[in-house]
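# Examination of the molecular architecture
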Amino acid sequence: MNDIAAEVARRRTFAIIAHPDAGKTTLTEKLLLFGGAIQLAGAVKAKGDARRVHSDWMKVERERGISVATSVMTFDYSDCTFNLLDTPGHQDFSEDTYRTLTAVDSAVMVLDAARGIQEQTRKLFEVCRLRDVPIVTFINKMDREGRESFDLLDEIEQSLALDVTPASWPIGMGRRFQGCYDLFSDRLVLMDKADKNVISEGEVCSGLDDSKLDALLGNSADTLREEIEMAQGLCPPFDAQAYREGHMTPVYFGSAINNFGVRELLAGLARLAPPPGPRPSLTRPVQPLESKVSGFIFKIQANMDPKHRDRMAFMRICSGHFRKGMKLKHVRSGKQINMHNPVLFLAQDRGTAEDAYAGDIIGLPNHGNLHIGDALTEGEALTFTGIPSFAPELLQRVAPDDPMKAKHLGRALQQLAEEGAASVFKPRLGANWYVGVVGALQFDVLADRIAAEYELPVHFEASSLYTARWVQSDDEALLKRFADKERAVVADDHEGGLVLLARNAWHLDDLARDWPDLRFAATKDQTGDQAA
Ligand code: G4P
């Protein structure tokens, strides 16, 4: 195996999907703890100032106690390098989440044992399904009274139409929760209730008939045997191909807060989860073992450090051996970009990325020249596909509290639009700016960010606009005729794209009928591929 093949084979790039409160943050913290990336539990979600670490970069996240931005954490465990991409659980930030899921090879779905599949779990799962992302399930909070394990497995199977197979089996629940039997490695792991940070290696058993089980579990041993026998009778055996194709999910049980079941989950990911796979592009699939470097930008985050006006573009490497200092072609502009300070998101702190391979996520500090969907290559004009953009469903007018600051506002909005945080429209007539978002909470976040990062207090005002549509045609003269005739209702987006701001559904329908040769697109696709 050459270097690239060996490096790619040991990479696991995954995201955790969960409904808010299921325990994603807690699990993330414990995964990092096992990965040796953080020393003390509590670092990811500490209170007060200490909270501003790792995944919580932005002020608004701290104040609202929600995780808004996607962040990346890289750590090693058991011969594998894991790239964990955090995703916001709040529904208003799903755009970011969707894009993140284009950059992973698998996902962990965390469920609360008392709640099972919840609304946001289902939505996120649907995105994974569209992309055939393989999913490992972690049923969390087994230390609380929850629902019966069989009931939970049945719900996953029925409501997500996904085959389930237990990877571990819990012994009791709530106060009676003792631990789990790891079905993949025939190991009994009991929870140390006295010290939840100490996790024993567990007892290796020679199958369920081993008398060790009786010695260690007493009466519960037979219940465990019966339940496992029943579960194995009801569920199909683990099938690696079905899992990798996204049709089957192995299910682990545990309690993240008690550190329990987390190591088994990590070991499961190391063993089962797929290493980085090919990525689709307009011309051909790009294979991870190709010698030439390529990658795409799936996220831009501005002003991560309030002291520096830096902007970080997150790039997923798709092929080749990336080295610090190399030059890559920015396909959209045709320019060469020198990779002199790429950032690797080691969980402890940001470190310089010296080398990276397919599946790795590196940060490229820049001044706004990199956009979501952009490809960087060693020369080939690749366009990666499948990075979705979304129709802005809510439109509001935004204005600075101080009317003299309108120009500053324009600059801030331009940057936020390039980052992908919102769609921004400047009507051809009048001095207003409109902002389009997918979820209402995004307005609050934008107002907070503009105030904090640009020192520019702003307010949003309801508008009577119904929706925005990108007006498209290959006939430039036709576009110009439309823009002139409908001057009162057209705007430019941040890249100068022509946009119709429709007053209501009839308005849109009428114009579509009057201008049959124009396309009124709900999304301005960043990669030539329609939104999922
Ligand atoms: P999220 O990121 O998915 O939103 O969930 P998070 O980890 O913040 O967990 C949500 C709540 O559930 C937290 O309690 C957390 O302590 C608790 N929790 C997580 N894992 C377990 C578990 O295995 N067992 C039990 N019993 N609880 C768990 P909180 O009171 O909302 O927050 P905090 O004050 O503990 O931070």
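This one's a predicted model, so the numbers in the text were calculated from it and none came from an experiment.

What counts, and where the lines are drawn
Per chain, residues are indexed from 1 in the order of the written sequence. This being a predicted model, a pLDDT of at least 70 is required before a residue's local features are given, and a value of 80 or more before pairs of side-chain atoms are given or counted; all residues contribute to the totals for chains, interfaces and linings. Neither water nor hydrogens contribute to the side-chain values; these are computed over all heavy atoms in the structure. At least two bridges found by DSSP between two strands is the condition for calling them paired. For helices the rule is a DSSP run of H or I covering at least 4 residues; for strands it is a run of E covering at least 2, with both sets numbered from the N terminus onward. Every axis corresponds to a line fitted to the C-alpha atoms, with the helix fit spanning only the stretch in contact, and the corresponding angles, defined between N-to-C directions, vary from 0 to 180 degrees. Whether two residues are in contact is decided by their heavy atoms: any pair within 4.5 Å suffices. What pLDDT expresses is the predictor's confidence in each residue, scored from 0 to 100. One speaks of a salt bridge when a side-chain nitrogen belonging to Lys or Arg is within 4 Å of a carboxyl oxygen belonging to Asp or Glu. A 1.4 Å probe rolled over the protein chains alone gives each residue an accessible area, and that area as a share of the maximum for its type sets the label: buried under 20%, exposed over 50%, partly exposed in between. This arc corresponds to the set of directions leading from the helix axis out to the C-beta atoms. Counting of polar contacts relies on pairs of N or O atoms within 3.5 Å, with two restrictions inside protein: one atom must be capable of donating a hydrogen and the other of accepting it, and residues adjacent in sequence are counted only when both atoms are side-chain atoms.

Let us now look at the sheet that holds strand S22 (residues 394-400). Within the open sheet, the eight strands sit side by side as S25-S22-S24-S23-S27-S28-S26-S29. Their pairing is antiparallel. For this open sheet the edge positions go to strand S25 (458-462) and strand S29 (519-521), each flanked by a neighbour on one side alone. Each strand of the sheet is rotated relative to its neighbour by a mean of 40°, with strand direction disregarded. Lying over the sheet, helix H14 (residues 505-514) contacts strand S26 (467-472), strand S28 (498-502) and S29, oriented at roughly 135° with respect to S28.

Per-residue confidence for the protein chain gives a mean pLDDT of 86; residues scoring 70 or more make up 86%. Segment residues 527-532 is flagged for pLDDT under 50; beyond a separation of four residues in sequence, or across chains, it makes 16 contacts in the model.

Let's shift gears to unusual backbone geometry. Here Asp-79, not a glycine, exhibits a phi torsion of approximately 65°, which is positive. Structurally, Asp-79 can be placed in the loop between strand S2 (72-77) and strand S3 (80-85). Look at Glu-455: it is not a glycine, yet its phi comes out positive at around 50°. Within the secondary structure, Glu-455 sits in the loop between helix H12 (441-454) and S25.

Taken in spatial order, the four strands make up an open sheet running S7-S8-S9-S10, and their pairing is antiparallel. Here the strands that pair on one side only, and so sit at the sheet edges, are strand S7 (168-171) and strand S10 (203-204). Here two bridges tie strand S9 (residues 187-190) to S10, and the two strands are oriented antiparallel to one another. If you follow Arg-187 over to S10, its bridge partner there is Val-204. Relative to S7, helix H8 (residues 220-234) is tilted by about 145°, and along the sheet it contacts S7 and strand S8 (179-182).

Here the structure, examined in full by the defined rule, presents 23 salt bridges. For Asp-105, the salt bridge is made with Arg-316, and the minimal N-O distance between the two is 3.0 Å. Of this pair, Asp-105 sits in the loop between helix H4 (94-101) and strand S4 (106-112) while Arg-316 sits in strand S13 (residues 311-319); the two residues are 211 residues apart in sequence, bridging distant segments of the chain. As far as the burial class goes, Asp-105 and Arg-316 line up, both buried. Salt bridges linked by common partners bring Glu-7, Arg-10, Arg-11 and Asp-360 together as one network.

Moving on, we come to helix H13 (residues 476-485). Note: α-helices contain 3.6 residues per turn, so residues at a spacing of three or four share the same orientation. Of the residues making up H13, those classed as buried are Leu-478, Leu-479, Phe-482 and Ala-483. Along H13, the residues classed as buried sweep out an arc of 135° about the axis, all on the same side. In H13, the exposed positions angled more than 90 degrees off the buried face are occupied by Glu-476, Lys-480 and Lys-485. Looking at the buried side of H13, the elements it contacts are S26, strand S27 (490-492), S28, H14 and S29.

Moving on, we get to the side chain of Ser-319. Residue position: Ser-319 is located in strand S13. By relative accessible area, Ser-319 is classed as buried at 1%. Separated by 2.7 Å, the side chain of Ser-319 and the backbone oxygen of Lys-292 make a polar contact. Of note is the side chain of Ser-319, whose polar atom sits 2.7 Å from the side chain of Ser-294. Those residues within four positions of Ser-319 in sequence are excluded, and the remaining contacts are Val-286, Gln-287, Pro-288, Glu-290, Lys-292, Val-293, Ser-294 and Ala-358.

Here we come to the environment of Met-248. For Met-248, the position within the fold is in strand S11 (residues 248-253). Considering only alpha carbons, one finds Met-248 and Asp-163, 85 residues apart in sequence, at a separation of 4.4 Å. Aside from chain neighbours lying at most four places away, what touches Met-248 is Ile-135, Leu-162, Asp-163, Thr-165, Pro-236, Pro-237, Phe-238, Asp-239, Ala-242 and Tyr-243.

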